[in-house]
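Listed below, chain by chain, are the residues.
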Amino acid sequence: MNAAEKRVAVLGGGIGGLASAHYLLNAGFTPVVFEATDRLGGLATWFDHRGVHLDRWYHVILDTDADLCGLLAELGIGDRLVWRETGMGFRLGGKLYGFNSPLDLLRFRALSLADRIRTGIGAAYITKIKKNGLDLDAVYACDWLRRVFGRRVFARIWEPLLRAKFGDRIDTVPAYWVWNTLNREKHGGQEVKGYLRGGYEGFADTLRDAIVARGGEVRLLSPVAALEANGAVVRADVGGDNETFAAAISTLPMPRLRAISRGALANELPLADLHYQGCMNAVVVSRRRLERFYWTIVVDPAFPFQGIVETTHVIPSEWIGDRHLIYCLNYCEPGSEPYERSDELVERQALDGLAALYPGFRAADVEDVYVFRAPHVEPVWTVGYLHERPAPRIGTSRVYLSTTAQAYPRVTAWNTSIGLARDTVAALARDLSS
Ligand SMILES: Cc1cc2nc3c(=O)[nH]c(=O)nc-3n(C[C@H](O)[C@H](O)[C@H](O)COP(=O)(O)OP(=O)(O)OC[C@H]3O[C@@H](n4cnc5c(N)ncnc54)[C@H](O)[C@@H]3O)c2cc1C
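Before going into details, it helps to say that this report is about the structure given with it. Just so you know, these numbers come straight off a predicted model, no measurement behind them.

A look at the site of the ligand
Here comes step 1: Inspection of the region around the ligand gives 27 residues, with Gly-16, Glu-35, Leu-43, His-59 and Trp-414 positioned closest.
Here comes step 2: Taking Tyr-58, its main chain carries an N or O atom lying 3.0 Å from a nitrogen atom of the ligand.
Here comes step 3: A distance of 2.6 Å separates an oxygen atom of the ligand from a polar side-chain atom of His-59.
Here comes step 4: When the ligand is considered free in solution it has 1000 Å² of accessible area, and contact with the protein chains removes 91% of it.
Here comes step 5: Residue assignment for the shell around the ligand shows that the elements contributing at least two residues are helix H2 (15-26) and helix H15 (414-433).
Here comes step 6: Here the residues of the shell around the ligand sort into 15 nonpolar, 10 polar and 2 charged.

Given below as structure tokens:
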């Protein structure tokens, strides 16, 4: 292959794009990463708080994230990881419950004793007995969970949990996603979560430096405005300049790719009807620890958010100036009421809501509150999605996908994006060498 035949455009400078560029280099290609914004990281990007860079959205690593940990080791930064034991809480009917062990379940008085026993049996069935969940792709999660746990347990526990991820679209989600997620997160033992010294920003910067050192390019403030595929040539319009490539990998959410696709490529794009769940969260930067759990689901009218994540249970607070990070979150769609709330209202609701739930919480300990919104966080999976999940290649074009729309049944996460990037590059390398 000559130099032109090795040039591959990568759309997006989140983890999917950076990992794609890394694997392209491993396979002998020359990637050019185009990132629309002024910084890398995509959904895992950062903001500045008094000179310290903090995560816009809560992010941690699981000990089951093999692809992610493998890439960290390959980059020589695996030793930057710290691990902490974490737990989950549930605030319901004005009370806080632990939600981590069989003993917690026995103490969960928001359910009757019979329902607690049924919940224990149901959880054991899902995580210990049902070893394969493929058949659940054709089953609605709500129906399945009602069958396994009963209607009352579904309404008290599972419905709020599903709403905290899929908002008002929980009725379409397949049971396979739930089965897979429960078996990924808990795997029966103590929950452990990890974080990287230097954060995801440091990881993205390390990847960028390694890409550039090996001859790839990473361009910020470079939105791809149009993408077209003609035979063995892919054309990208970036800032009015038309550049040609041997192939392209898109890591963009499908609606974003649809908006820039031209000609035959636009007609070949899959998933015209795919919806995405967005997210809105308030990051409360505090001088004091709030809660004993990393993640707490909240069902309480005094707190107009679905939950609280305190990432400084995993991130050593001394790394960020002895601060504590409290994320008040709502998974919701653009256009919905929670998504469109004004920043001022969200900020007030976060502070008033935390004060209502936690008598020890004092607004005086809060340094600032930041509000962020993202429109395309999690595709809303639908029953039978295994048959909808797109292949790496778009039709017969030389445009490839490595996007969250292919994650199912896995959760959308850095680990998943890295695995997808590796598989997509392998498919691209096979096609271009044949
Ligand atoms: C609230 C929240 C919590 C999360 N928690 C975790 C967690 O704990 N652990 C975990 O592993 N994952 C977590 N995730 C998921 C994780 O952030 C994402 O799955 C992952 O970052 C997706 O990466 P990506 O590169 O595929 O896509 P994205 O991060 O969406 O990257 C796409 C990139 O494309 C760029 N772009 C868009 N249009 C164009 C264009 N026309 N031209 C060029 N560039 C363009 C965007 O600016 C963006 O940088 C969380 C996400 C959210 C929102």
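Having seen the structure, we can now continue with the description.
A closer look at the state of the cysteines
Here comes step 1: A complete count under the given rule lists 0 disulfides for this structure.
Here comes step 2: The thiol sulfur of Cys-279 is not disulfide-bonded, and the nearest other cysteine sulfur, from Cys-332, lies at 6.6 Å.
Here comes step 3: On the accessibility criterion, Cys-279 (3% relative accessible area) is buried.
Here comes step 4: With no disulfide of its own, Cys-328 lies closest to Cys-279 among cysteine sulfurs, the gap being 11 Å.
Here comes step 5: Overall, the relative accessible area of 0% leaves Cys-328 in the buried class.

Some points on the sheet that holds strand E20 (residues 399-401)
Here comes step 1: With respect to topology, 5 strands assemble into an open sheet ordered E10-E2-E1-E14-E20, the strand pairing being parallel. Strands at the two margins of the open sheet, each flanked by one partner only, are strand E10 (217-219) and E20. Averaged over all pairs of adjacent strands, the angle between strand axes in this sheet comes to 20 degrees, irrespective of strand direction.
Here comes step 2: In this sheet, E20 lies alongside strand E14 (residues 247-250) in parallel orientation, the contact comprising 3 bridges. Paired with Ser-250 across the two strands is Leu-401, which belongs to E20.
Here comes step 3: Sheet strands in contact with H15 are strand E1 (7-11), E14 and E20, and its direction is about 155 degrees off that of E20.

What to know about the pairing of strand E3 (residues 46-49)
Put simply, side chains in a regular strand alternate between the two faces of the sheet.
Here comes step 1: For E3 and strand E4 (residues 52-55), the ladder comprises 4 bridges, and the chain directions are antiparallel. Its bridge partner being in E4, Phe-47 is matched across the sheet by Leu-54.
Here comes step 2: Between the antiparallel neighbours E3 and E4 lie 2 residues, among them Arg-50 with a positive phi of about 50 degrees.

Reading the values: rules and limits
Residues numbered from 1 in each chain as written. Predicted model: local features only at pLDDT ≥ 70, side-chain atom pairs only at ≥ 80, totals over all residues. Heavy atoms only, no water. Near = heavy atom within 4 Å. Polar contact = N/O pair within 3.5 Å; in protein donor to acceptor, adjacent residues only side chain to side chain. Areas by Shrake-Rupley, 256 points an atom, 1.4 Å probe, with all protein chains shown as cover. Helix = DSSP H or I, 4+ residues; strand = E, 2+ residues; numbered from the N terminus. Nonpolar A, V, L, I, M, F, W, Y, C, P; charged D, E, K, R; others polar. Disulfide = S-S within 2.5 Å. Buried < 20%, exposed > 50% of the residue type's maximum accessible area, 1.4 Å probe, protein only. Pairing = 2+ DSSP bridges. Axes fitted to C-alpha atoms, helices over the stretch in contact; angles between N-to-C directions. Contact = heavy atoms within 4.5 Å.

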